[in-house]
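As a plain string of letters, each chain reads:
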Amino acid sequence: MSIRTLIVDDEAHARARIRQLLKDEADFTIVGECANGRLAVDAVRREKPDLLFLDVQMPRLTGFDVCAELSGSGDVIPLVIFCTAYDQYALKAFEVHAIDYLLKPFDRERFRKTLEHARARIREAAGSPAPQFATFLAELKAAQDRPARLAFKCDGRVIFLRTEEIHWLESEGNYVKLHTPGGAHLLRETLTGLEEQLPAERFMRLSRSVIVNLDRVKEVQPLFYGDHVVILLDGTKLTLSRTHKDRLEKLLERRA
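Residues numbered from 1 in each chain as written. Predicted model: local features only at pLDDT ≥ 70, side-chain atom pairs only at ≥ 80, totals over all residues. Heavy atoms only, no water.

Novice: I'd love a proper account of the overall build of the protein chain, names of residues and values included.
Specialist: The number of helices and strands found in the protein chain is 8 helices and 15 strands. Counting across all 256 residues of the protein chain, residues that qualify as buried make up 47%. Pairs at least 24 residues apart make up 54% of the contacts formed inside the protein chain by residues separated by at least 6 positions. Carbon together with sulfur atoms contributes 49% to the accessible area of the protein chain, which is approximately 13200 Å² in total. (Helix = DSSP H or I, 4+ residues; strand = E, 2+ residues; numbered from the N terminus. Buried < 20%, exposed > 50% of the residue type's maximum accessible area, 1.4 Å probe, protein only. Contact = heavy atoms within 4.5 Å. Areas by Shrake-Rupley, 256 points an atom, 1.4 Å probe, with all protein chains shown as cover.)

Novice: Give a detailed account of helix 2 (residues 37-47), specifying residues and quantitative values.
Specialist: Each α-helix turn comprises 3.6 residues. Residues three or four places apart therefore point the same way. When we look at burial in helix 2, the residues that qualify are G37, A40, V41, A43 and V44. Each buried residue of helix 2 lies within a common arc of 170° when the element is viewed along its axis, so the set occupies one face. (Arc of directions from axis to C-beta.)

Novice: Explain empty space enclosed by the protein to me, and be specific about the residues and the numbers.
Specialist: Applying the stated rule across the entire model yields 1 cavity of 30 Å³ or more. The computed volume of the largest cavity comes to approximately 30 Å³. Lining the largest cavity we find L21, D24, E25, R108, F111 and R112. (1 Å grid on protein atoms, 1.4 Å probe; cavity = no way out; pocket = protein on both sides within 12 Å on 5 of 7 lines; lining within 4 Å. Points joined across faces, edges and corners; volume = space filled by probe spheres on them.)

Novice: I'd like a rundown of the sheet that holds strand 13 (residues 217-222), residues and numbers included.
Specialist: Reading across the sheet, the 3 strands line up as 13-14-15 and stay open at both edges, with antiparallel pairing between neighbours. Two strands in the sheet have a free side with no partner beyond their single neighbour: strand 13 and strand 15 (237-240). Across the sheet, the mean angle from the axis of one strand to that of its neighbour is 25°, orientation sign disregarded. Bridge analysis of strand 14 (residues 228-232) against strand 15 gives 4 bridges, and the strand direction is antiparallel. Bridge pairing links V229 to T239 in strand 15. (Pairing = 2+ DSSP bridges. Axes fitted to C-alpha atoms, helices over the stretch in contact; angles between N-to-C directions.)

Novice: Mind laying out the pattern of salt bridges, listing which residues take part and the relevant values?
Specialist: Side chains that differ in charge, positive against negative, can pair when their charged atoms come close. Across all of its chains, the model carries 16 salt bridges by this definition. A salt bridge links R46 to E47; the nearest nitrogen and oxygen atoms lie 3.4 Å apart. A relative accessible area of 57% places R46 in the exposed class. Across the pair R202 and D215 runs a salt bridge, and its minimum N-O distance is 2.9 Å. Here R202, found in the loop between helix 7 (191-195) and strand 11 (203-207), pairs with D215, found in the loop between strand 12 (210-213) and strand 13; they are 13 residues apart in sequence, far enough to count as distant. A relative accessible area of 21% places R202 in the partly exposed class. Owing to a relative accessible area of 36%, D215 belongs among the partly exposed residues under this scheme. Three or more residues joined by partner-sharing salt bridges are found here, namely E25, D27, E116 and R119. (Salt bridge = Lys/Arg side-chain N within 4 Å of Asp/Glu carboxyl O.)

Novice: Lay out the packing of helix 1 (residues 12-22) against helix 5 (residues 108-124) with the relevant residues and their values.
Specialist: Interaxial distance between helix 1 and helix 5 falls to 11 Å at its minimum, and their mutual angle equals 70°. Overall, the two elements helix 1 and helix 5 adopt an arrangement that is roughly perpendicular. Contact with helix 1, carried on its side by R17, I18, L21 and L22, involves R108, F111 and L115 of helix 5 and no other residues of that element. For the contact of helix 1 with helix 5, the residue count by class is 5 nonpolar, no polar and 2 charged. (Parallel < 35°, antiparallel > 145°, perpendicular 65-115°, else oblique. Nonpolar A, V, L, I, M, F, W, Y, C, P; charged D, E, K, R; others polar.)

Novice: Can you break down the sheet that holds strand 9 (residues 175-180) residue by residue, with the values?
Specialist: Reading across from one edge, 10-9-8-12-11 is the order of the 5 strands in this open sheet, with antiparallel pairing throughout. In the strand order of this sheet, the two ends are held by strand 10 (183-187) and strand 11, each with one partner. Adjacent strand axes in the sheet meet at a mean angle of 25°, parallel and antiparallel pairs treated alike. Direction of pairing for strand 9 relative to strand 10: antiparallel, over a ladder of 5 bridges. By the bridge assignment for strand 10, T180 is matched with G183.

Novice: Pulling in residues and values, what's your account of the environment of T236?
Specialist: Examined against the element boundaries, T236 turns out to sit in the loop between strand 14 and strand 15. The spacing of T236 and H167 is 69 residues in sequence and 9.8 Å in space, taken between C-alpha atoms. Side-chain polar atoms of T236 contact the side chain of D234, separated by 2.9 Å. (Polar contact = N/O pair within 3.5 Å; in protein donor to acceptor, adjacent residues only side chain to side chain.)

Novice: Please provide a residue-by-residue account of a positive patch on the surface, values included.
Specialist: On the surface, a cluster of positive charge is made up of R17, K23, R108 and R112. By secondary structure assignment, the location of R112 is in helix 5. By relative accessible area, R112 is classed as partly exposed at 47%. (Patch = residues over 30% accessible without salt bridge, like charges linked within 9 Å, V, L, I, M, F, W, Y side chains within 5 Å. Lys, Arg positive; Asp, Glu negative; His and termini not counted. Charge placed at Lys NZ, Arg CZ, Asp CG, Glu CD.)

Novice: An account of the confidence of the model for the protein chain is needed here, citing residue identities and associated values.
Specialist: Chain-level pLDDT for the protein chain is 80 on average; 77% of the residues reach the 70-or-more range. Summarising per-element confidence for the protein chain, the mean pLDDT is lowest in helix 4 (residues 87-96) (53) and highest in strand 2 (residues 28-34) (96). (pLDDT = per-residue confidence, 0-100.)

So this is what it looks like as structure tokens:
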């Protein structure tokens, strides 16, 4: 069986990378390449591919927009493999078995595993993605739409803080303390409320009262009774509860 494959990415070198990796896979036939989402929608309708390698961030129409437009017009969406950098949602994709997900940059071994997933899904097949696809797509788009910086009042001033400047956050009663290179800021907000505004691919809860910026994590060490301690680059030590340990380790693995 020939698996008809469409490659969609606005970067020529990214398309070339996938094309090169598919060269020796006899059961995959590339039916086209597209440099933007609008061309991708037209190509899917024209070529009716079985498999779509789809970049998320593209001009005109994003990868999300491509899927939404095809779904909204009643077109059958092929098996979608997203290619982007949102590692937390890569794990979600595997959990629901709806699609696969290539986290850039990926190597040949990871790509081959993705092809095995695609072959298995197409064998089972049934054409359109599983019901969880729509939920996953909505979550992924929401994560991308989160702001790159926060604005809050402090001592009569309005402070603008880029999210990457936040090392970690902790709840203090009705406030949240933001720890940054320039010191701590106390914000009248809930930890859950701030969590919803932070990029989900970068920030993760360690416990009920602490969220950490994964870019600031240096190492994780075991404590007693299944708990662990997370050590940041500046030496700060934060407790990691058992319920969050596995997820943190998987995320850090993918960021390594």
